[in-house]
Every structure is written in structure tokens, then in C-alpha cells.
Amino acid sequence: MSATKQPAKTTTEADKKYEGFTDEERAAMKERSRELKATARRGSRSAKADGESEVLAKLAEMSELDRSTGERLHAIVKANAPALSPKLWYGMPAYARDGKIVCFFQPAQKFKTRYSTFGFNDTAHLDDGTMWPSAFALTTLTAEDEARIGELVKRAAG
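Quick summary incoming for the structure in this document. (Residues numbered from 1 in each chain as written. Predicted model: local features only at pLDDT ≥ 70, side-chain atom pairs only at ≥ 80, totals over all residues. Heavy atoms only, no water.)

For helix α3 (residues 64-80), with 17 residues, the first-to-last C-alpha span of 24 Å sits near the 24 Å given by 1.5 Å per residue. Among all positions in α3, only Asp-66, Thr-69, Gly-70, Leu-73, His-74, Ile-76 and Val-77 are buried. With its buried residues spanning 165 degrees around the axis, α3 presents them on a single face. For α3, exposure combined with an orientation more than 90 degrees from the buried face picks out Glu-64 and Ala-79. (Helix = DSSP H or I, 4+ residues; strand = E, 2+ residues; numbered from the N terminus. Expected span 1.5 Å × (residues − 1). Buried < 20%, exposed > 50% of the residue type's maximum accessible area, 1.4 Å probe, protein only. Arc of directions from axis to C-beta.)

We now examine unusual backbone geometry. Note on backbone geometry: most residues besides glycine have negative phi, and most peptide bonds are trans. Phi at Tyr-90 takes a positive value of approximately 55 degrees, unusual for a residue other than glycine. Here Tyr-90 shows up in the loop between β1 (85-89) and β2 (92-97). Using a relative accessible area of 31% as the deciding quantity, one classes Tyr-90 as partly exposed.

Of the pairings in the sheet, the one linking β1 to β2 comprises 5 bridges and is antiparallel in character. Considered in β2, the bridge of Ser-85 is made with Ala-96. The antiparallel pairing of β1 with β2 creates a hairpin that spans 2 residues between the two strands, and Tyr-90 there sits at a positive phi of about 55 degrees. (Pairing = 2+ DSSP bridges.)

Once that is clear, we can look at the environment of Ser-68. Tracing the sequence through the fold places Ser-68 in helix α3. Between the alpha carbons of Ser-68 and Leu-141 there is a distance of 9.6 Å; along the sequence they are 73 residues apart.

This next bit is on the pattern of salt bridges. Tallying each qualifying case throughout the model produces 9 salt bridges. One salt bridge connects Asp-23 with Arg-26, and the closest N-O pair in it is separated by 2.6 Å. Taken as a pair, Asp-23 and Arg-26 lie in helix α1 (residues 23-42) at a separation of 3 residues, close to a single helical turn. With a relative accessible area of 57%, Asp-23 lands in the exposed category. (Salt bridge = Lys/Arg side-chain N within 4 Å of Asp/Glu carboxyl O.)

Here 5 strands make up an open sheet; going across it, the order is β1-β2-β3-β4-β5 and the pairing antiparallel. In this open sheet, the two strands that pair with only one neighbour each are β1 and β5 (135-138). Strand-to-strand twist across the sheet, computed as the mean angle between neighbouring axes with direction ignored, equals 25 degrees. With 4 bridges joining them, β2 and strand β3 (residues 100-106) adopt antiparallel strand pairing. Directly across from Tyr-95, in β3, lies its bridge partner Cys-103. (Axes fitted to C-alpha atoms, helices over the stretch in contact; angles between N-to-C directions.)

This is a description of form; function is not addressed.
Structure representation (C-alpha cells):
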């Protein structure tokens with residue numbers, strides 16, 4: 001019996017399969033794992049003080065634009081919501097109430113995007129009707145932007 005050879009199949013975009021997480025996503029998950037282990041090791045030590053130094057160290061590692069934006073956001077959060085505790089969350093500066101993340105800064109370099117974002121999780125309770133923004137794209141921060149973020153952070157921390 002003679003086997004017939006099938007013609008070689010060409011791969012189209014539709015044929016490509018999901019390859020899994022990106023390198024950046026895997027790195028973020030590894031960072032989160034390290035954060036959870038570090039928190040467990042710290043135990044009853046002052047998590048707020050440790051979180052503050054970790055956030056400042058992470059900001060210092062960022063590119064100039066991300067660092068300046070992140071440092072300004074850190075100051076805005078501290079001034080408007082001192083009850084929120086700074087901490088790292090998936091390797092990003094974040095601010096928590098009772099251990100739950102309320103808001104966070106995602107630098108552009110984190111996932112190689114063209115802008116940074118400042119986002120709020122559902123624990124922020126910023127509900128406004130049936131639809132509201134939960135993250136804001138940031139290219140630069142104006143005085144107006146800073147005031148708006150300050151107001152949102154105050155509401156979120158309340």
C-alpha cells in the first residue's frame with residue numbers, strides 16, 4: 001500500500017494557538033509570590049513601615065518618567081489617604097486598607113505599554129451609577145490631574 005503525502009499546511013493567524021502568559025506576566029506572578037512569602041515571614045512586624053520602604057525601592061528602580069509619576073502619586077496618596085498602607089502588589093506600588101488593595105500604580109515599563117495607569121480595585125467603592133472608570137491612563141500629571149486623583153483616593157479610603 002502506498003501512502004499519499006499530505007501537502008504541507010501553511011500557518012495562518014487563525015491557526016496560532018494561545019502560548020500562555022507573556023514573560024512580563026510570568027515575572028509579575030513571581031514577584032507576587034515573593035511578596036506573599038515576605039509578608040508571611042514578617043509576621044507581626046510593622047507591615048506599613050516595610051511596605052513604605054519596599055514601594056520607595058521599587059519606585060527607585062523605574063525609568064525616569066515612571067519614577068517621577070510614581071513618586072508624585074505616592075505623595076498624593078499619602079497626603080489624601082494616610083490610613084492606606086503602601087505595599088507591593090505584583091511588583092507594583094499599591095495602597096491597601098485592612099490588607100486589601102484599594103489603588104495601585106502600574107508603570108508603563110511593567111508590561112511594555114505606552115502609558116502608565118493608576119487604578120482602583122472594587123474595594124475602593126467608587127461606584128457612580130451603572131458604569132464608572134476603574135483605571136486612568138497617565139502620560140503626565142497636571143495640577144488638575146493631581147487634584148482629581150487626590151479626591152478619588154480620599155473617597156476610596158473612606
